[in-house]
Amino acid sequence: MTDVGTVGREPLVALDHVDKWFGQLHVLQDINLVIGRGEVVVVIGPSGSGKSTLCRAINRLETIDKGTIALDGQPLPQEGKALAQLRAEVGMVFQSFNLFAHKTILENVMLGPVKVRKQPKADAEKRARELLDRVGVGHQAEKYPAQLSGGQQQRVAIARALAMEPKVMLFDEPTSALDPEMIKEVLDVMVDLARGGMTMVVVTHEMGFARTAGDRVVFMADGRIVEENTPEEFFDNPRSERAKDFLSKILKH
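Predicted model, so just to flag it, every value in this text is computed and none were measured.

## Here we look at the layout of surface pockets
And then number 1: Approximately 570 Å³ is the volume found for the largest pocket.
And then number 2: Put simply, the parts of the chain that give the lining of the largest pocket at least two residues each are α2 (80–89), β6 (90–93), α3 (105–115) and α5 (150–163).
And then number 3: Of all the elements, α3 adds the most residues to the lining of the largest pocket, at 4 residues.
And then number 4: Its residues placed into classes, the lining of the largest pocket shows 13 nonpolar, 5 polar and 3 charged.

Have a look at this one:
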């Protein structure tokens, strides 16, 4: 395996011989992956290949059975306060937006910095408004999640994760629950983040995003990393039969 994207980069996330089972199902099989600071790694592959489990393991939403995962040189803590601190360092954006329905958009974004980071409310509000402007929903700050479109809610979820000033952002199929016309507005925000140097791990079906914003494509199938390469090399010259087969199915449409 070549760490194409990590050359010259300081490692930020390191998965070393990681295994995970769900009962008899071996969902992650001997995963070795290093993500460099400022790198955008796009994880693609067929459904059930272990992509989401991999993503969720990085902030311990899924526990692992073997191996180690380290963030910034520190092994992931098991539980308690240390785990809460770790989660503050790792932003996560899911398929579903997971916003608090009874709080305004602004309150949703302020909550983590005030409660977890103990920021003064005035500072948290100023930063939250800046982030909502950045993702293009600043004018909606006083509204509630139900008053926004899915694309707008997902952009708020991205702002909420950014408000914690995480070291790395994880995206688990962030556009899969959205209507087609809303996908671009979310991907645009993600491309902007990538260009700004945010370290990102993105599980997605959006091949255009993988090509334009990714530093490296990691292709998974059946719980394994089958190949990884630069987007250009991966899409133009896939090396494994499994990747060729996958690409032939999705790129024909």
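## Some thoughts on the sheet that holds strand β2 (residues 25–36)
Strand pairing in a sheet relies on backbone hydrogen bonds, with the paired strands running either antiparallel or parallel.
And then number 1: Strands sit in the order β2-β1-β4-β5 across an open sheet of 4 strands; the sheet is antiparallel. Looking along the sheet, the strands with just one partner apiece sit at the ends: β2 and β5 (74–75).
And then number 2: In this sheet, β2 lies alongside strand β1 (residues 11–22) in antiparallel orientation, the contact comprising 8 bridges. Looking at the pairing, lysine 20 lines up with leucine 28 of β2.

## So, the pairing of strand β3 (residues 40–44)
And then number 1: Counted residue by residue, β3 has 5 buried out of 5 residues, so it is predominantly covered.
And then number 2: Side chains of β3 alternate between two faces, with Val40, Val42 and Ile44 and Val41 and Val43 buried alike.
And then number 3: Relative to strand β9 (residues 216–221), β3 is paired through 4 bridges, and the arrangement is parallel. The residue of β9 that forms the bridge with valine 43 is valine 218.

## Here we look at the packing of α3 against α5
And then number 1: The geometry of α3 relative to α5 is characterised by a closest axis approach of 8 Å and an angle of 25° between their N-to-C directions. Relative to α5, the element α3 lies roughly parallel. At the point where α3 passes α5, the crossing takes the right-handed sense. Across the interface between the two elements, Ile105, Asn108, Val109 and Pro113 from α3 touch Val156, Ala159, Arg160 and Ala163 from α5.

## Structural notes on the packing of α5 against helix α6 (residues 180–195)
And then number 1: At a minimum axis separation of 8 Å, α5 and α6 run at an interaxial angle of 20°. In terms of orientation, α5 and α6 fall into the roughly parallel class. Relative to α6, the crossing made by α5 is right-handed. Along its contact with α5, which presents Gly150, Gly151, Gln152, Gln154, Arg155, Ile158 and Leu162, the element α6 presents Met182, Glu185, Val186, Val189, Met190 and Leu193.

## Details of the pattern of salt bridges
And then number 1: What the rule picks out here adds up to 21 salt bridges.
And then number 2: Among the salt bridges present, the one from arginine 56 reaches glutamate 62, with a minimum N-O distance of 3.6 Å.
And then number 3: Among the residues examined, arginine 56 registers a relative accessible area of 25% and is labelled partly exposed.
And then number 4: Residue arginine 155 pairs with glutamate 185 through a salt bridge whose shortest N-O separation is 2.9 Å. With a gap of 30 residues between them, arginine 155 in helix α5 and glutamate 185 in helix α6 connect regions that are remote in the sequence.
And then number 5: Residue arginine 155 is classed as buried on the basis of its relative accessible area, which comes to 10%.

What counts and how
- For every chain, the first residue of the written sequence is number 1, and numbering continues from 1 onward in sequence order.
- Given that this is a predicted model, residues contribute local features only at a pLDDT of at least 70 and side-chain atom pairs are listed and counted only at 80 or more, while totals for whole chains, interfaces and linings are drawn from all residues.
- The basis for every side-chain value is the complete set of non-hydrogen atoms in the structure, without hydrogens or water.
- Two kinds of site are reported from a 1 Å grid over the protein atoms alone, namely cavities, where a 1.4 Å probe fits but cannot get out, and pockets, open sets with protein on both sides within 12 Å along at least five of seven lines, and residues are called lining when an atom falls within 4 Å of a point.
- Grid points are joined across faces, edges and corners, and a volume is the space filled by probe spheres set on the points.
- What counts as a helix is a DSSP run of H or I of at least four residues, what counts as a strand is a run of E of at least two, and both are numbered from the N terminus.
- Only Asp, Glu, Lys and Arg are considered charged, only Ala, Val, Leu, Ile, Met, Phe, Trp, Tyr, Cys and Pro nonpolar, and every remaining residue, Gly among them, polar.
- In this analysis, strands are considered paired if DSSP registers two or more bridges between them.
- Classification of residues uses two cut-offs on accessible area relative to the type maximum, computed with a 1.4 Å probe and protein chains only: under 20% is buried, over 50% is exposed, and between them is partly exposed.
- Angular values range over 0 to 180 degrees, each being the angle between N-to-C directions of two axes fitted as lines to C-alpha atoms, with helices fitted over their stretch in contact.
- If an angle is under 35 degrees, it is roughly parallel; if it is over 145, roughly antiparallel; if it lies from 65 to 115, roughly perpendicular; otherwise it is oblique.
- Take the far helix as the reference: if the near one is turned anticlockwise from it by less than a right angle, the crossing is left-handed, and if turned clockwise, right-handed.
- Residue contacts follow a heavy-atom distance rule, with two residues in contact if any of their heavy atoms lie within 4.5 Å.
- Put simply, a salt bridge is a Lys or Arg side-chain nitrogen that is within 4 Å of an Asp or Glu carboxyl oxygen.

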